[in-house]
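Next come the chains, spelled out residue by residue.
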Amino acid sequence: MARKSHVQTTINGETVEFLCESRQSLLEVLRDELYLTGAKEGCNNGNCGACSVILDGRLVNSCLVLGVETEGKSVETIEGLAEPDKLHPIQDAFLENAALQCGICTPGFIMSAKALLDSNPNPTEHEIRYWLAGNLCRCTGYDKIVKAVMDAAKETSA
Amino acid sequence: MTEKKEYKVIGTRPIRHDGVDKVTGRALYGADFQMTGLLHGRVLRSPHAHARIVSIDTSRAEAYPGVKGVATAQDLPDAEDRIADLGEGAVNLKYLCDNILASDKVLYKGHAVAAVAATSPHIAEEACTLIDVEYEVLPPVLEVRQAMEADAPLLHETLKTTSMGETADEPSNVASHIQHQLGDPEKGFAEADIVVERDFVTGTVHQGYIEPHNATAHFNQDGQLTIWCSTQGAFTVREQVAEILQYPISKIKVVPMEIGGGFGGKISVYIKPVAALLAKKTGKPVKVLMNRADVFEGTGPTPASYVRVKMGATKEGKITAAEAYLAFEAGAYPGAPVGPGAMCIFAPYNIENVIIDGYDVVVNKPKTAPYRAPGAPNAAFGSESVVDEIAEKLGIDPLEIRLRNGAKEGDRRADGPVHPRIGCIETVETAKAHPHYTAPNGQKHHGRGVASGYWFNIGLESSVTINVNSDGTINLIEGSTDIGGTRSSIAMQAAEVLGIPAESVNPSVVDTNSVGYTAVTGGSRTTYATGYAAYEAAQDVKRKMIARAAKLWEVDEDNVQFADGEFSCINGKEEQISFRDLCGRLGQTGGPVVGSGTVNPGGAGGAYATHIVDVAVDEETGKVEILRYTAVQDAGRAIHPSYVEGQIQGGAVQGIGWALNEEYIYNDEGTMTNASFLDYRMPTCLDLPMIDAVIVEVPNPGHPYGVRGVGEVPIVPPMAAIANAIYDAIGIRMTELPMSPDRLLKAMGKI
């Protein structure tokens, strides 16, 4: 059995400590060690974006980051997005636009959209499509997802 | 257009009931399931497409630290010569079991051979590499027409062709041949002024659900087996596991977790019986997950096919005869959806003289599984391309020729059934009147194409229970796993009956011990059939509540009326009470009210769609860009229009992927060389425009609110519509899918 390392990081604003093997990805750590199962595994090789999280302000596929790499860093996941009594505007926009069907890709899309709107509050439709091209959805045909992000942009930049 | 009834809930767009859970990451999917003492299972898969298993030695894996158990086909009950009926016709149990864990032969690259349970997923993966399997490699057969040749390598020495009731003497890769005939095709072709005949080839494509298969199983000491998993049908999992393990259904509980897409691909079981075997061996709960390559290589895609279509028409545009030859790859075991392909191929038309031949052929690829309108897209690619060519040669508008020949109520489908009220013509008329169809489209290398499609939809069994709460809300218990918002479309039908808002219904999808039998979420049946059961359960509640009001007012039940959520007395007494207030008085009037509804409806009604697409063909690269897309579809009655649109948009985009990019690319040894999302290349949002979904409502007489299934038919038209648009752009008929850049360049003579 591989020896485990001790890692201290910040997840959704809270200091978190965990033990993990060097080979464990951040996605594995989030899901299997910390039970933050909002990030999903669709491919485990960076193709689908279902595991998207924000690491030190940058959108990453958590399946392509090692758990040990997050030492001293800050991770934002889908679980940290809503306030206790209020959804984030992107979450509201996804619900109002019916922008999800099975929902497995939804946390990844929402985190990806958040990273986009954090850096570009008023994206064009093309900019949204370009940015979200790293997230696969097989149910919706993307139409309502793109519209949801356009609506959320209006809401957050207003 | 038909008269529109006034509804309070149906046709509105409430927030879906499971929505907050799904946007906050709180919803629990199969892989999210955790349990104390959980072991992790992984499956060893065949590196060969066709080989005999000489020996399997698991001793090194069993000795590896952290390994708690190893399973092979030896651990499955002997399946020789048993036939299982899983509600979808008889299935040879040996085929079913061998696809779970191969016994004597492996029949495709990725075929499961053994499985390991260990204390971590990594240890399980490492231990799989320590299982020593000796193979005698055999030549694979990878293409349907080659597999049909007399000297082709045989997958099954005992498989003999059944053809219209007769079984052949010699073994063959052709499992079955079906034929449908209507009228006199020879006479029909003789009456034609023009006959067009073409061959079409389609590739193997995968459903591409984002969530890989998963299963956690646990055996209690008393023999109770529980399986937590992602599935389109918990009861179907229970049946299949019971058959494969020869274990009573009463000792199996299947808990459906949230499901991350299925499209037909999560009906067949793969790792669920394996998880159960490993749980039995280890005495611990075992979670088995697939990775993405496992999903591509080890689960059922939809068949590659060879399709030949011949159609004849008079110069006035009346189609006089049609002929189709459909040869579908079943994959490793019989069961290609050639039957549905044959049922659907000419269904948008009323043609007097038709002959259709279908062949179910085994090849060394994964056993195919349903994928959204299984078989119909392969068939429609051929027929809808030929109809376009006939229209073009006769100088008739392609939608006009569809109107002149369109199927209507009372027309007979070539395979027998007579159409009930259908909306075929209405979808074509709506498409023809749509601004997209009349918009200018003259630029060089830009083209516009149209195509129609049909899917018959299914009914099958559903059960719903409603528990009435004292505050005027109801808890709705159902067995249909929710893949696309069906909690809401089912809840809304109960709400409509009871005159309460959609938000006053709390729908729950529960396990197989907690609701009556419910068939799969598939066949476009969930909003139709489980919605129908919800309607019946709500009617049951309504009847019981009327009895309570009668008791309260000391009148006969006949004297109580219910409308718009209010009970009132109609025998002169001035009594009135709302549904909500009466709910608060159930304790005084006899105790709780529980309603139930069970259905097995026969009137699913068929669904039709007509799509319009504009493309641009890049002459230098061969890339086809989708410029504009409009999908018109008859939904019967759209319960929640947003999720109907979502089905239409999603189905159309899967069709776009099938048309332009997606296929299993095999090398000569039978290895899929693109078993990742990156290389398989499903559409991303950057590849697409908005998809304009247009809902037509021709109510289905077989449902109290007129619902027709909507999930499947939108994948039927896109391939031919895009091929027809490419022809309009560059004057070349593309007859092979996908119409990828290399095929376009070859067709244009550039490479």
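Trainee: Is there a simple way to think about the overall build of chain A in this case?
Mentor: What chain A contains, in helices and strands, is 5 helices and 5 strands. Beginning at the N terminus, the succession of helices and strands in chain A can be written as β-β-α-β-β-β-α-α-α-α. Taken over C-alpha atoms, the radius of gyration comes to 16 Å for chain A, in line with the 15 Å a tight globule of 158 residues would show. Overall size of chain A, expressed as C-alpha extent along the three principal axes, is 50 × 30 × 25 Å.

Trainee: Would you mind going over the overall build of chain B with me for this structure?
Mentor: Counting secondary structure elements, chain B contains 21 helices and 30 strands. In terms of overall dimensions, chain B has C-alpha extents of about 85 × 75 × 50 Å along its principal axes. Here chain B, with 751 residues, has 61% of them falling under the buried criterion. Considering only contacts in chain B between residues 6 or more positions apart, those separated by 24 or more positions represent 80%.

Trainee: What exactly am I supposed to notice about unusual backbone geometry here?
Mentor: Note: most residues except glycine have negative phi, and most peptide bonds are trans. All names here are of chain B. A cis amide bond links leucine 737 with the next residue in sequence, proline 738, at an omega value of -5 degrees. Note on placement: proline 738 falls in the loop between α20 (718–730) and α21 (741–747). In this structure, serine 524 takes a positive phi of about 55 degrees despite not being glycine. Following the sequence through the fold, serine 524 ends up in the loop between β23 (505–509) and α16 (526–553). Note on serine 524: 26 C-beta atoms within 10 Å, which makes it buried. Even without glycine at this site, glutamate 554 takes up a positive phi of about 55 degrees. Take glutamate 554: it is sitting in the loop between α16 and β24 (560–563).

Trainee: Mind showing me how you'd approach helix α8 (residues 272–282) of chain B here?
Mentor: For the α-helix, the turn length of 3.6 residues means that residues three or four positions removed from each other point alike. Residue and element names in this part refer to chain B. Burial within α8 is extensive, with 9 of its 11 residues counted as buried. Looking at α8, one finds that the buried residues are Lys272, Pro273, Val274, Ala275, Ala276, Leu277, Leu278, Ala279 and Thr282. Glycine 283 occupies a position one or two residues after α8 and carries a positive phi of about 70 degrees.

Trainee: What am I meant to see in the interface of chain A and chain B here?
Mentor: Accessible area lost on assembly of the parts is the figure often given for the size of an interface. Contact with chain A, which involves 45 residues of that partner, is made by 44 residues of chain B. Elements with a minimum of two residues in the side of chain A that touches chain B: α2 (89–96), α3 (106–119), α4 (125–132) and α5 (143–157) of chain A. Top contributing element to the side of chain A that touches chain B by residue count: α5(A), with 4 residues. Of the residues belonging to the side of chain A that touches chain B, the class tally is 25 nonpolar, 12 polar and 8 charged.

Trainee: How do you make sense of the domain arrangement of chain A when you look at a structure like this?
Mentor: All names here are of chain A. Here chain A is partitioned into domain 1 (4–80) and domain 2 (89–157). The gap between the C-alpha centroids of domain 1 and domain 2 is 21 Å. Each partner contributes to the interface: domain 1 provides 13 residues, whereas domain 2 provides 12 residues. A per-element tally of the side of domain 1 that touches domain 2 places strand β3 (residues 52–55) first, with 3 residues. Here the side of domain 1 that touches domain 2 is built from residues that sort into 8 nonpolar, 4 polar and 1 charged.

Trainee: Can you help me understand helix α18 (residues 641–660) of chain B in this one?
Mentor: With 20 residues, α18(B) extends 28 Å from end C-alpha to end C-alpha; this agrees with the ideal 28 Å at 1.5 Å per step. Of all 20 residues making up α18(B), 19 are buried, and the element is well covered by its neighbours.

Trainee: What should I look at first to understand the nonpolar core in this one?
Mentor: As a rule of thumb, nonpolar side chains are buried together in soluble globular proteins. Among the nonpolar cores identified, the biggest contains 294 residues, and B:Ile227, B:Val274, B:Ala275, B:Val361, B:Ala494, B:Ile722 and B:Ile726 are the most heavily contacted of them. With 11 residues, the top contributor of residues to this core is α16(B). Each of domain 1 (4–80) and domain 2 (89–157) of chain A contributes no fewer than three residues to this core. If near-sequence neighbours (up to four positions away) are discounted, B:Val274 is found in contact with B:Gly41, B:Val43, B:Ala71, B:Ile100, B:Leu101, B:Ala115 and B:Val288.

Trainee: Help me understand the sheet that holds strand β20 (residues 446–455) of chain B, please; the structure alone is not making it clear to me.
Mentor: Across a sheet, paired strands are connected by hydrogen bonds in the backbone, their directions being either parallel or antiparallel. Residue and element names in this part refer to chain B. Reading across the sheet, the 4 strands line up as β20-β28-β29-β30 and stay open at both edges, with mixed pairing between neighbours. The open sheet has two edge strands with one neighbour each: β20 and β30 (691–696). Ignoring strand direction, the axes of neighbouring strands in this sheet form an average angle of 15 degrees. Pairing of strand β28 (residues 607–617) with strand β29 (residues 624–634), which is carried by 9 bridges, proceeds in the antiparallel orientation. Paired with histidine 611 across the bridge in β29 is alanine 631. Sitting on the sheet, α20 is in contact with β20, β28 and β29, with an inclination near 160 degrees to β20.

Trainee: I keep staring at the pairing of strand β10 (residues 166–171) of chain B and nothing clicks. Help me out?
Mentor: Within a regular strand, the side chains alternate between the two sheet faces. Residues and elements named next belong to chain B. A small share of β10 lies buried, amounting to 0 of its 6 residues. In terms of strand pairing, strand β9 (residues 160–163) meets β10 through 3 bridges, oriented antiparallel. What sits directly across from serine 163, in β10, is glutamate 166. Connecting β9 to the antiparallel partner β10 that follows it, the hairpin turn spans 2 residues, and methionine 164 within it adopts a positive phi of roughly 50 degrees.

Trainee: I tried to follow the sheet that holds strand β22 (residues 474–478) of chain B on my own but got confused; where do I start?
Mentor: Residue and element names in this part refer to chain B. Reading across the sheet, the 4 strands line up as β23-β22-β21-β27 and stay open at both edges, with mixed pairing between neighbours. The open sheet has two free edges, formed respectively by β23 and β27 (594–599), since each of these has just one partner strand. The sheet shows a mean angle of 20 degrees between the axes of neighbouring strands, taken without regard to direction. Sheet analysis places β22 next to β23, joined by 5 bridges and oriented parallel. Bridging across to β23, isoleucine 477 finds its partner in serine 508. Docked against the sheet, helix α15 (residues 486–498) engages β21 (462–468), β22 and β23, running at close to 140 degrees with respect to β23. Across the sheet, α16 is in contact with β21, β22 and β27; its angle to β27 comes to roughly 145 degrees.

Trainee: What should I look at first to understand the pairing of strand β17 (residues 305–313) of chain B in this one?
Mentor: All names here are of chain B. In terms of burial, β17 is a largely internal element, 7 of the 9 residues being buried. Of the strand pairs in this sheet, β17 and strand β18 (residues 319–331) are connected by 9 bridges, and their pairing is antiparallel. What sits directly across from tyrosine 306, in β18, is alanine 327. Joining the antiparallel neighbours β17 and β18 is a turn of 5 residues, in which glycine 317 adopts a positive phi near 90 degrees.

Trainee: Even after reading the chapter, I still don't get the environment of B:Val593, so can you show me in this structure?
Mentor: Residue and element names in this part refer to chain B. The topology assignment puts valine 593 in the loop between α17 (579–583) and β27. Judged by C-beta crowding, with 22 C-beta atoms within 10 Å, valine 593 ranks as buried. Residues valine 593 and aspartate 540, spaced 53 residues apart in sequence, show a C-alpha to C-alpha distance of 9.5 Å. With residues up to four places along the chain from it excluded, the contact list for valine 593 reads Val468, Val541, Lys544, Met545 and Leu586.

Quick notes on the rules
Residues numbered from 1 in each chain as written. Chains lettered and ligands numbered in written order. Predicted model: local features only at pLDDT ≥ 70, side-chain atom pairs only at ≥ 80, totals over all residues. Helix = DSSP H or I, 4+ residues; strand = E, 2+ residues; numbered from the N terminus. Rg over C-alpha atoms; globule rule 2.2 N^0.38 Å. Buried ≥ 20, exposed ≤ 12 C-beta atoms within 10 Å, placed from the backbone. Contact = placed C-beta atoms within 7 Å. Nonpolar A, V, L, I, M, F, W, Y, C, P; charged D, E, K, R; others polar. Domains from an automatic or database assignment. Expected span 1.5 Å × (residues − 1). Core = buried A, V, L, I, M, F, W, Y, C linked by C-beta atoms within 7 Å. Pairing = 2+ DSSP bridges. Axes fitted to C-alpha atoms, helices over the stretch in contact; angles between N-to-C directions.

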